[in-house]
Every structure is written in C-alpha cells, then in structure tokens.
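# Per-entry structural report
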Amino acid sequence: MAPQLNGASGSAGATSGAAAVKPQFHHFHHHRLAARHHHNPSPTSLLSKLAFWSVCSLSLLLAFLLLSPSAAPTPRVAPDSPRRSLHTSPSTATWGGTAWEKKVRASARVRRANGRGLSVLVTGAAGFVGCHAAAALRRRGDGVLGLDNFNDYYDPALKRGRAALLARSGVYVVDGDIADAELLDKLFDVVPFTHVLHLAAQAGVRHALVDPMSYVRANVAGIVALLEAARVADPQPAIVWASSSSVYGLNSHVPFSEHDRTDRPASLYAATKKAGEEIAHVYNHIYGLSLTALRFFTVYGPWGRPDMAYFFFTRDILAGRPITVYESDGGGTHQTTISRDFTYIDDIVKGCVGALDTAGRSTGSGGKKRGPAPFRTYNLGNTSPVPVTQLVDLLEKLLKVKAVRRVVKMPRNGDVPYTHANISLAQRELGYRPSTDLQTGLKKFVRWYLEYYMPGLADKQKQHGSSNSKVLLDRNGSTNSAG
Ligand SMILES: O=C(O)[C@H]1O[C@H](OP(=O)(O)OP(=O)(O)OC[C@H]2O[C@@H](n3ccc(=O)[nH]c3=O)[C@H](O)[C@@H]2O)[C@H](O)[C@@H](O)[C@@H]1O
C-alpha cells in the first residue's frame, strides 16, 4: 500500500510555453480582455452609444431568430464539454464544463466550522512541496485547489501518486499549465481565492545547463502569467511563492541574510528565481498585489524530488552504483567543504502556512491599486549546514549499505559551495521554527523510499530489524523507477 503523506514537495509543476498555441475559449477570453482595457467615456456619449448598439443588437437578434429556428445563445461555458488545455507537455489534460467547475468549487471550499479559513490555489500541487503544503492546509480545514501540468522533468508517476493522495483528502489537482492564461482566468472566475501558494516552477540547479528555456518558460513567463491573472481577479488574492536560496549565488557573507547581495547568481535557475523576485516587486508596486517570496534551502523528505542528490544517492547506493560527491576546489572561499543547509519538508510547510496566515491583503481591485500592499522576503532554512560527505555517511548508516564514492572537484555546473540561512526574520514575523535535524529527516525519507519503491524489502527490514545489502541490490534493480 502506498504510504500516506505525513505532514512533504519542490517540484517542477512547471509551465510550458503556451503563448504560441491558439486559445480555444475565444468568446470568454475576449470578454475579459475587453473588461481589462476599457476606458471611461462621458455619460452622454455612453447613453447615445448604448441606444445605438441596443437597436442594432435587437434587429440582429430578431433577424437571427427568424432566419434560424434552431439557434440558441452560446453559453459562457459549455456544459460538461471538456476542453484541451494549452499544453506542450505530453498531457491529455482537459478542463471546463459544469461538472469540472463543480469539482473546482468543492475542492476550494473552506471546511472549517466557523467558515473562516483560507481558500488557496496551490500551483505545483503535484510537486514535492506543493503536495505537502496542500495536504497541511486541507487538514486544518482550508479550501485548497491544486494546479499542476504533470510534466516529465522527473517521473510523472510520482506526481500522479502525490495527486492521488491529495484526491483522497478532497483536494482536486487541475491538470493544467500556469502559462495558460485562459485557464487561470477561468479558475479565478470560478473561485474567489483569498490566497495563492505559487510553487509551480522548473526546479533543479544543474538541469539549467541542459534545458535553459524550460526555466524561462516556467519561472519567468509562468510567474508573469500568474500575476497577470491575479491582478485582475476580484478579489485580488495574496500571493506567497517559492524563491530559492540559490539567489544568494556568490554571496560569501554567512549566514545568508535577506539583506545580503543577490545580484551574482551562479546558475540560470538562480537567475530566473531572482527575476521572479523582481517581477513580483513590479506587480506589488503597480497593482497592489500582496507578495511574499520564500527562499527555500535544499528541501528534502518523503515524496521528494528524484533529481535531488539525497534522493538519487539513495537510489544509487541501494543499486550498488557509484555516486559522485563534489568537493571544493578550495578556491579562496571561506569554506573548503561542500555543504547545504538541508531543510526538512514539514518545517518548510510550516513556514509556507505561516507566510499565508500573516500575508496582508492585496489592495487592488479590477487591476487598479488602491494603496500600498505588503512585499516580503524570507529565508526558510534549517540554520545548520551539513557537509555533503556527512549526508552520504548518514545514508550509508540508514540504508546499511556502503556507498561507492567517486570524489571529484565541483564542476562549474551552477552549484554553489555552501548555503546557510539566517532565519531570524522568518522566526520573528512568521513564527518559523525548524525542528528536524538531518538525521531524523533522512530516516523518515528512507523509510518512505523503501516502502514506496521496494515494499517487500521494507517489510523484511521491519521483521528482521536489519537489511541485507545483497537483497537490496537485487531487488532495487527491478523495482526502482524513479529519477
Ligand atoms: O535550496 C535551494 O535553493 C535549491 O536546493 C536544491 O539545490 P541543491 O542545494 O543544489 O540540492 P541538490 O541538487 O540536491 O545538491 C545537494 C548537494 O549535493 C551536491 N551534489 C549534487 C549532485 C552530485 O552528483 N553530487 C554532489 O555532490 C551539490 O553540489 C550540493 O552541494 C534544489 O534542487 C533547488 O531546486 C533549490 O532551489
């Protein structure tokens, strides 16, 4: 049986370039666009125009009815007729129709007895952080609707598994892309979201060398699409979103504080996250959107991302394959050991929830700013960096298998040598208090990993209280599909 979420995501619930694809909800979209760009004419000209167009419309309608007996007015949304969304990923996504809207509304409905909860759109909800955050919000009775395009940056079956768990607790994850402006408009039309937790992104530092444009589409075009939809939404939601510790780039002042320099990114991934922070500022400044950026520090845990080192180290150690461990070239930095401020998923989720709960309101309406709105940035880390070599030691101990280590000088692949969060601001303003050390968190991850990918072995381990590496090797080859 698949394990339950117990309190875990940073996935690529990413976008794909939808701009070039022909929209399909023409009548609806144009209606909204007209509403956005209309300017205010004088009352007299408005009246005469109204009279003129009323006469024209009535005559046209009369002629139409006389000439076409079967004609009926076009409904704003076709009942139960699913539409293909604007995907470029290999998705069979459909949205629209009465039944779909009903599902969307039901999922976003607040379940607290006093009715005073949040109604949150969680983008990237089938991702690592997204699924854990959505589950946590639902547990306390908030209304939650997920959005994810289930792309294949890593095994989409893992994303489907997370979405299936959410479905069991009543959270519906819409299969759609954050660059799909029509879909976003539709969602904000159907549900008056109070908040958006925007976690859909193209994650991963090193993959930016392989597919740079996917970062631009998801992390730049994607966030603009979301903010565009949010600015015209009524009510305007408050937005909390995932930035990254990687924005600190070549900063050498430790621990990293929100006041430190973030203008020297070391990877395209970091540059797109930093761009997101600047873009968010624009929408706060012009449209009064309440915006909070959370700089996550190397989040790990059950249901995690297979592209992250702790995850694929586990997989490769179990399979007896060598792992590559980077070491510093000692190039004049303050650190000679490659370290990360690994942060456990449940702590990150508490930080996300704290940010949602304390986010002040957006002040705009109908796209017009009515006053200054909050603009906040917080580090969410663990404040205790651990060398990657020690991460491997811990995994060896938990898996009871010796790793085959290939130690190499860190290549120039976008990685930075060291991260360490100063979290005093989040502590003060969000009540953020991380409480899980790496050993405890990894233990939970390993337990999940074995149960999810190697259920038979996990049972055996439970029975005998130990594992046999030979069995691990044999079984892993046939059962592991991650990565
Ligand atoms: O917190 C962040 O800002 C970022 O954390 C992670 O990025 P990273 O910290 O690089 O996490 P991993 O890719 O899991 O790497 C962890 C450590 O292992 C090292 N590593 C990675 C891969 C490898 O083969 N060998 C190796 O030693 C890396 O250099 C790094 O020090 C995520 O992948 C990013 O999406 C996120 O934004």
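What this report covers is the structure whose coordinates are included nearby. (Residues numbered from 1 in each chain as written. Predicted model: local features only at pLDDT ≥ 70, side-chain atom pairs only at ≥ 80, totals over all residues. Heavy atoms only, no water.)

### Let's talk about the overall build of the protein
Across its full length, the protein carries 15 helices and 15 strands. Taken over 483 residues, the protein has a buried fraction of 54%. If you sum the accessible surface of the protein, you get close to 21,400 Å²; carbon and sulfur atoms cover 58% of it. (Helix = DSSP H or I, 4+ residues; strand = E, 2+ residues; numbered from the N terminus. Buried < 20%, exposed > 50% of the residue type's maximum accessible area, 1.4 Å probe, protein only. Areas by Shrake-Rupley, 256 points an atom, 1.4 Å probe, with all protein chains shown as cover.)

### As for unusual backbone geometry
Of the consecutive residues Asp234 and Pro235, the connecting peptide bond is found in the cis state with omega at 5 degrees. Along the chain, Pro235 turns up in the loop between α7 (212-232) and β7 (238-244). With an omega dihedral of -10 degrees, the bond running from Val254 to Pro255 counts as a cis peptide bond. Mapping Pro255 onto the fold places it in the loop between β7 and α8 (268-287). With phi around 35 degrees, Thr298 is a residue other than glycine that occupies positive phi space. Within the secondary structure, Thr298 is located in the loop between β8 (291-296) and β9 (299-300). Since its relative accessible area comes to 18%, Thr298 is described here as buried. Positive phi values are uncommon outside glycine, yet Thr383 reaches one of about 65 degrees. One can find Thr383 in the loop between β13 (375-380) and β14 (386-387).

### Considering the site of the ligand
Taken together, 23 residues lie around the ligand, and Arg206, Ser244, Ser245, Tyr269 and Thr298 are the ones closest in. Contacts to the ligand include Ser246, whose backbone N or O atom sits 3.2 Å from an oxygen atom. Among the residues making up the shell around the ligand, the classes are represented as 13 nonpolar, six polar and four charged. (Near = heavy atom within 4 Å. Polar contact = N/O pair within 3.5 Å; in protein donor to acceptor, adjacent residues only side chain to side chain. Nonpolar A, V, L, I, M, F, W, Y, C, P; charged D, E, K, R; others polar.)

### Notes on the pairing of strand β3 (residues 119-123)
Of all five residues in β3, five are buried, a share of seventy percent or more. Burial along β3 is two-sided: Ser119, Leu121 and Thr123 and Val120 and Val122, pointing in opposite directions, are all buried. Bridge analysis of β3 against strand β4 (residues 143-148) gives five bridges, and the strand direction is parallel. Directly across from Leu121, in β4, lies its bridge partner Leu145. The handedness of the β3 to β4 crossover, carried by helix α4 (residues 128-139), is right-handed. Relative to strand β6 (residues 195-198), β3 runs parallel, the two sharing four bridges. (Pairing = 2+ DSSP bridges. Right-handed = clockwise from strand over helix to strand, strands pointing away.)

### Comments concerning the packing of aromatic side chains
The full count for this structure, using the stated rule, is 27 aromatic pairs. Their ring planes at 75 degrees and their centres at 5.5 Å tell us that Phe311 and Tyr449 sit as a pair that is edge-to-face. Placement of Phe311 in helix α9 (residues 309-319) and of Tyr449 in helix α13 (residues 438-453) is noted, with a sequence separation of 138 residues between them. Overall, the relative accessible area of 0% leaves Phe311 in the buried class. Considering the side-chain rings of Phe445 and Trp448, the 5.9 Å spacing of their centres and the 40 degrees angle between planes classify their relative orientation as tilted. Here Phe445 pairs with Trp448, and both are found in helix α13, just three residues apart, close to one helical turn. (Phe/Tyr/Trp six-rings, centres within 6.5 Å; stacked < 30°, edge-to-face > 60°.)

### Focus on the sheet that holds β7
Across the sheet, which stays open at both edges, the seven strands sit in the order β5-β4-β3-β6-β7-β8-β13 with parallel pairing between neighbours. Strands with a single pairing partner mark the edges of an open sheet, and in this sheet they are β5 (172-175) and β13. Going from strand to strand, the sheet's axes swing by 20 degrees on average, the running direction of each strand aside. Sheet topology places β6 next to β7; four bridges connect them, and they run parallel. Its bridge partner lying in β7, His198 is registered against Trp241. Running over the sheet, α7 touches β3, β6, β7 and β8 and is turned about 170 degrees from β7. Along the sheet, α8 contacts β7, β8 and β13; its crossing angle with β7, the most-contacted strand, is approximately 160 degrees. (Axes fitted to C-alpha atoms, helices over the stretch in contact; angles between N-to-C directions. Contact = heavy atoms within 4.5 Å.)

### Remarks on the pattern of salt bridges
Enumeration over the complete set of coordinates arrives at 20 salt bridges. A salt bridge links Glu101 to Lys186; its shortest N-O distance comes to 3.1 Å. Taken together, the positions of Glu101 in helix α3 (residues 98-108) and Lys186 in helix α6 (residues 181-190) put the pair 85 residues apart, joining distant regions of the chain. On the basis of relative accessibility, which here comes to 12%, the residue Glu101 falls in the buried class. A relative accessible area of 4% means that Lys186 is categorised as buried. (Salt bridge = Lys/Arg side-chain N within 4 Å of Asp/Glu carboxyl O.)

Function-wise, these values are silent; they only describe arrangement.
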